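Architecture at a glance
Each chain, letter by letter, is given below.
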Amino acid sequence: MHVLKEKTTDVFKGDGACPLAPVLWVLALGGWFFSTNGNGLPFGSMPEWTLDFIGYAGCFLCQVLVYLATCHEYLLINVLKVCAMTHLRMHFKHLSMNLKEIVENAKEVYCQERGLPQSAMVSSDIPWKYLHSQMKGALTYHESLMKIAEVIETIFNRCILFNFIILSVFTCLILYLLVDCPIFSIASLRLIFYLLMGFLPFFIDCYLSNVVMIESAEIAYSCYQIDFIGTDLRFQKMIIMVIGRWQKSVKFTIGKFAPLEIATSLTVAKASISYFMLLQNLKKV
């Protein structure tokens, strides 16, 4: 349990996540410099009046600082969320595996304390004390995971909502520009690439949230795989109570408005395609 708390604390501190954005920013600048020999601006052109007003050096500095801040803030939120969800998924899977072996674990602890061979023990010989201790540990573990999931939802749901709004505006602008480009031109392929890269973090977030929700829901079903036959009757009644208690899975949302799952990302993709087809039809008219 202490390991879970330490790992979760490291995730929210952002250890390993914070340097990612500056590294990508440096790689982008390096790619621009070595591919163009430092000609032009690193992140695209700017209006002529801007060049006349603040000059090349001012435009270069403005692009570098703005893109660094944008890259850092946008990637930091996504990387922190991915790290947190990956840890949460790992712990739910670990809990599920422990539940399936809970009787064997109780037998192992009992035999170690008594100095008895495990091969000579049967389930009916395991005292209630050891079975209860193992199940109590599983209950505490599950309660901690549910609390961490609530903290993740509270911290990130508004961030995900803001990213979703930005992604929606970005998608509309890209599709609006895509209508005026030939279908198989370099410009259209570049816009499609930008659109896919914009959707990628959102899809990864939806996928991980969906996986964690499935893993948490399957915890109750893991109790059916416990080898409870022949064990203490109180332990069997406890399993029934735990199954009813663990029916509720974790939930992740987009600002408390919509569930954060794969179905949501598919809905956004369908809406984008419909919007694009509408623009194509309006252009033909």
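What comes next is a walk through the structure. (Residues numbered from 1 in each chain as written. Predicted model: local features only at pLDDT ≥ 70, side-chain atom pairs only at ≥ 80, totals over all residues. Heavy atoms only, no water.)

1. Quick word on the overall build of the chain
Keep this limit in mind: Strands are runs of DSSP state E lasting at least two residues, helices are runs of H or I lasting at least four, and both sets are numbered from the N terminus onward. To sort residues, take the accessible area from a 1.4 Å probe on protein chains only and compare it with the maximum for the residue type: under 20% means buried, over 50% means exposed, and anything in between is partly exposed. Two residues qualify as a contact provided that any one of their heavy atoms is within 4.5 Å of a heavy atom in the partner residue. The Shrake-Rupley method, run with a 1.4 Å probe, gives the accessible areas here. Residue values count only the displayed protein chains as cover.
Looking only at helices and strands, the chain has eight helices and two strands in total. When each of the 285 residues of the chain is scored for burial, the buried share is 38%. In the chain, once contacts between residues fewer than 6 apart in sequence are set aside, the share between residues at least 24 apart is 74%. Of the accessible surface of the chain, which amounts to about 17300 Å², a share of 68% is contributed by carbon and sulfur atoms.

2. Digging into the packing of helix H5 (residues 128-179) against helix H7 (residues 233-245)
Helix packing for two helices is described by the angle between their axes and how far apart those axes are. As a reminder, the rule being used: Lines fitted to C-alpha atoms define the axes, with helix axes restricted to the stretch in contact, and inter-axis angles between N-to-C directions lie between 0 and 180 degrees. Our angle categories are set so that under 35 degrees counts as roughly parallel, over 145 as roughly antiparallel, 65 to 115 as roughly perpendicular, and the remainder as oblique.
Running from amino to carboxyl end, H5 crosses H7 at an angle of 10 degrees, the nearest separation of the two axes being 10 Å. With respect to each other, H5 and H7 are oriented roughly parallel. On H7, the residues touching Trp-128, Leu-131, His-132, Met-135, Lys-136 and Leu-139 of H5 are Arg-234, Phe-235, Met-238, Ile-239, Val-242 and Arg-245.

3. Some remarks on the environment of Leu-278
In this structure, Leu-278 sits in helix H8 (residues 262-284). The sequence separation of Leu-278 and Val-179 amounts to 99 residues, and the corresponding C-alpha distance is 10.0 Å.

It is worth stressing that arrangement in space is one thing and function is another; only the former is reported here.
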